[in-house]
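# Structure assessment
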Amino acid sequence: MEVTVQPSHGLKGELSIPPDKSISHRALIIGAISSGVSVIRNISCAEDPLSTRSCLEALGVLIEDFPGGVKIPGRGLRGLKMPSSSLNAGNSGTTMRMLTAVLAGQAFESVLIGDDSLSRRPMKRIIEPLRAMGAGVFGTDTHTAPIRIFPVHALHSIRYELPVPSAQVKSAVLLAGLYADGETTVAEQYPTRDHTERYLGLTVEKHGSRRNARVSGGFQPEAREMEIPGDFSAAAFFIAAALALPGSEIVIGNLGLNPTRIGLLDILLRMGGCVDIIDMRMSGGEPVGDIRVKSSPLKNLKVSGDVIPNVIDEIPVLALAATAGEGVFEVREAGDLRNKESDRIAAVVHTLRSLGVDVEEYEDGFAFEGPASLRGGVPLKSYRDHRIAMANAIAALRADGPTNVCDAECVAISFPGFWEEMTRMST
Ligand code: S3P
């Protein structure tokens, strides 16, 4: 499906954002292995968390809907049931990587599969540490899905230094640590999103930017009641667009503002963006707030180093908003963007070139000079990647004519109402 985006004179109004996708995955998975019934309000019904849900249902978890949320009757650490066929994680890396760890602790054999994109993504990053813990986890010869998981007598605790900053890998090792025979520690040099640690209430030692998260083998999580905040990574498209489009003023309520997720805000503030946090509070162990964003002249800069993990999902839209900024915008040390739902460095570079921007591509990033006027009319490819489709839509709002965005339906992976919200708010 293609959507035609009309040039915009600014975004106005209050945005309705979907519940946080990362926290929704964790609530479902940890709820399933908890003792007792978890009550989770405002859970995401985007396609990725629905993949997690359907895998858990195939594992015997009887998830019940109520208006605005779900009840998850936990089956305890080792109480999942053997599925009757392969478990399909769809497009979702978080589903596959976190579930592999939980399945490694069960007493039955299972297989996790995914769609074409997920079947190409690197799984060695979880297979290696899980195997070091004694797990019977096997990928293909090229370390991709399908992943086969065989039961083992016991998992062993480990001290694991993350070789790539990845919250999915950290979460997989911590979840496997629940099934291990001692204390498991995951050390990270650059902090990645910490929703798993918060959800499980784990001890985290901080030494400067380094983090050591620990989990005790045999620790049985208890059911929780919580309301999931709005997804910062979904709001990011509108925050970036509102700053870049003159005449914009938007408000976003009940937004997750976990410090490990809001690298984009820090960068936009350094670029001169006008973003006010109106009210900060805690909800379900996560920082939440309301924000107001007004269009502002932006000064471009270089993004690299320890901020990258905290802005990794937002780099495509940040880059496209930076076409409105003054000076050189450069992203480096972000090579892992090539391992996402699509090669997001190649995708952003292709979009920028399609819009007439002169951009330099590097193995680990890209650079261009702004402000750049964007030539509309050329269809923008999305590579069936939800974040690329939404970033393309934001670029199209700045273009000088109507512009088609391809694979428009894939936004439902994380933000089912995206096109309606964009049309409603664009003036
Ligand atoms: C996620 C972690 C990040 C992020 C992804 C969601 C999570 O991936 O890109 O969208 O929920 O843990 P990596 O851990 O691969 O960096």
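Per-chain numbering applies: the sequence of each chain, read as written, is numbered from 1 onward. Residues qualify for local features only when their pLDDT is at least 70, as the model is predicted, and side-chain atom pairs are given and counted only at 80 or more; totals for whole chains, interfaces and linings, by contrast, use all residues. Here the side-chain values reflect all heavy atoms present in the structure, with hydrogen atoms and water set aside.

## Structural notes on the overall build of the protein
Secondary structure counts use DSSP, requiring at least four H or I residues in a row for a helix and at least two E residues in a row for a strand, with both numbered from the N terminus. Along the backbone of the protein there are 14 helices and 22 strands. Overall, the C-alpha framework of the protein stretches about 60 × 45 × 45 Å when taken along its three principal axes. Counting every position in the protein, which comprises 427 residues, the buried fraction comes to 60%. Pairs of residues are marked as contacts when any of their non-hydrogen atoms sit within 4.5 Å. Long-range contacts, defined here as pairs at least 24 residues apart, represent 76% of the contacts in the protein between residues at least 6 apart. We get accessible surface area from the Shrake-Rupley algorithm with a probe of 1.4 Å; when it comes to residues, only the shown protein chains can shield them. Per element, the accessible surface of the protein, about 15,600 Å² overall, is 50% carbon and sulfur. Accessibility here uses a 1.4 Å probe with only protein chains present; expressed as a share of the type maximum, an area under 20% marks a residue as buried, one over 50% as exposed, and anything in between as partly exposed.

## Concerning the domain arrangement of the protein
The domain limits used here are those given by an automatic or database domain assignment. By domain assignment, the protein separates into domain 1 (3-19 + 229-425) and domain 2 (21-226). Contacts between domain 1 and domain 2 engage 30 residues on the former and 28 residues on the latter. Throughout, buried area stands for the accessible area (probe radius 1.4 Å) lost by two parts on being put together, summed over both. Surface buried jointly by domain 1 and domain 2 totals about 2,400 Å² across both partners, of which 48% is contributed by carbon and sulfur atoms. Area buried by domain 1 at its contact with domain 2 is led by P19, E341 and I413, which between them contribute 25% of it. Criterion for a salt bridge: a side-chain nitrogen of Lys or Arg within 4 Å of a carboxyl oxygen of Asp or Glu. The tally of links between domain 1 and domain 2 comes to three salt bridges. Salt-bridge contacts for R121 lead to E341; the nearest nitrogen and oxygen are separated by 3.8 Å. Two N or O atoms count as a polar contact when they lie within 3.5 Å, although within protein this holds only if one can serve as hydrogen donor and the other as acceptor, and sequence-adjacent residues are included solely when both atoms are side-chain atoms. If you look at where domain 1 meets domain 2, you find 15 residue pairs in polar contact (both at pLDDT 80 or more). Secondary structure elements with two or more residues in the side of domain 1 that touches domain 2: strand 16 (274-283), strand 17 (286-294), helix 10 (308-311) and helix 13 (386-398).

## Looking at the layout of surface pockets
Here the term cavity refers to a set of points on a 1 Å grid, laid over the protein atoms alone, in which a 1.4 Å probe fits but cannot get out; the term pocket refers to an open set having protein on both sides within 12 Å along at least five of seven lines, with lining residues being those that place an atom within 4 Å of a point. Grid points are joined across faces, edges and corners, and a volume is the space filled by probe spheres set on the points. The volume enclosed by the largest pocket comes to roughly 730 Å³. What lines the largest pocket is a set of 41 residues, among which P165, S166, I312, D336 and K340 lie closest to the centre. At the level of secondary structure, the elements contributing two or more residues to the lining of the largest pocket comprise helix 1 (21-32), helix 3 (93-104), helix 6 (167-177), helix 10 and helix 13. Residue composition of the lining of the largest pocket, by class: ten nonpolar, 13 polar and 18 charged. Looking at the lining of the largest pocket, you find at least three residues from each of domain 1 (3-19 + 229-425) and domain 2 (21-226). One number sums up the size of the second largest pocket: a volume of about 220 Å³. Only helix 7 (195-200) and strand 12 (203-207) provide two or more residues apiece to the lining of the second largest pocket. All residues other than Ala, Val, Leu, Ile, Met, Phe, Trp, Tyr, Cys, Pro, Asp, Glu, Lys and Arg, Gly among them, are scored as polar; the first ten of these are nonpolar and the last four charged. Its residues assigned to classes, the lining of the second largest pocket shows four nonpolar, three polar and six charged. Each of domain 1 (3-19 + 229-425) and domain 2 (21-226) accounts for three or more of the residues forming the lining of the second largest pocket.

## Topic: the packing of aromatic side chains
Centres within 6.5 Å are what make two rings of Phe, Tyr or Trp a pair, Trp counting through its six-membered ring; a difference in plane orientation under 30 degrees is then read as stacked, over 60 as edge-to-face, and the rest as tilted. Within the structure shown, the criterion is met by seven aromatic pairs. For the ring pair F238 and F415, a centre distance of 6.0 Å and an interplane angle of 50° mean the geometry is tilted. Residue F238 is located in helix 8 (residues 232-244), and its partner F415 is located in the loop between strand 22 (403-405) and helix 14 (418-425); the two are separated by 177 residues in the primary sequence. Look at F238 and you get buried, because its relative accessible area is 0%. Their ring planes at 75° and their centres at 5.5 Å tell us that F415 and F418 sit as a pair that is edge-to-face. By the burial criterion, F415 is buried, and F418 matches it. The structure contains a cluster of three or more aromatic residues connected by ring pairs, namely F237, F238, F415, F418 and W419. In this analysis the charged atom, NZ for Lys or CZ for Arg, is taken to sit over a ring once it is within 6 Å of the ring centre and within 35 degrees of the ring normal. A cation over an aromatic ring shows up here: R224 above the ring of Y199, its NZ or CZ 4.4 Å from the ring centre. Directly above the ring of Y362 sits R332, whose terminal nitrogen or CZ lies 3.8 Å from the centroid.

## Some details on the sheet that holds strand 2 (residues 12-15)
As a general point, the strands of a sheet are linked pairwise by backbone hydrogen bonds and lie either parallel or antiparallel. Whether two strands pair comes down to DSSP finding at least two bridges between them. The four strands are arranged 2-15-17-16 in an open sheet whose pairing can be described as mixed. At either margin of the open sheet sits one strand with a lone partner, and together these are strand 2 and strand 16. Put simply, the sheet's adjacent strands are angled 10° from each other on average, direction ignored. Of the pairings in the sheet, the one linking strand 16 to strand 17 comprises nine bridges and is antiparallel in character. By the bridge assignment, M280 is partnered in strand 17 with G289. Contacting strand 2 and strand 15 (249-256), helix 14 crosses the sheet at an angle of about 150° to strand 2. For helices, the axis comes from a line fit to the C-alpha atoms of the stretch in contact; other axes are also lines fit to C-alpha atoms, and the angle between any two N-to-C directions lies between 0 and 180 degrees.

## Remarks on the environment of T94
By the secondary structure assignment, T94 is in helix 3. Taking the C-alpha atoms as reference, T94 lies 7.4 Å from H25; in sequence the two are 69 residues apart. The residues touching T94, leaving out its near neighbours within four places in the chain, are H25, R26, L99 and Q168.

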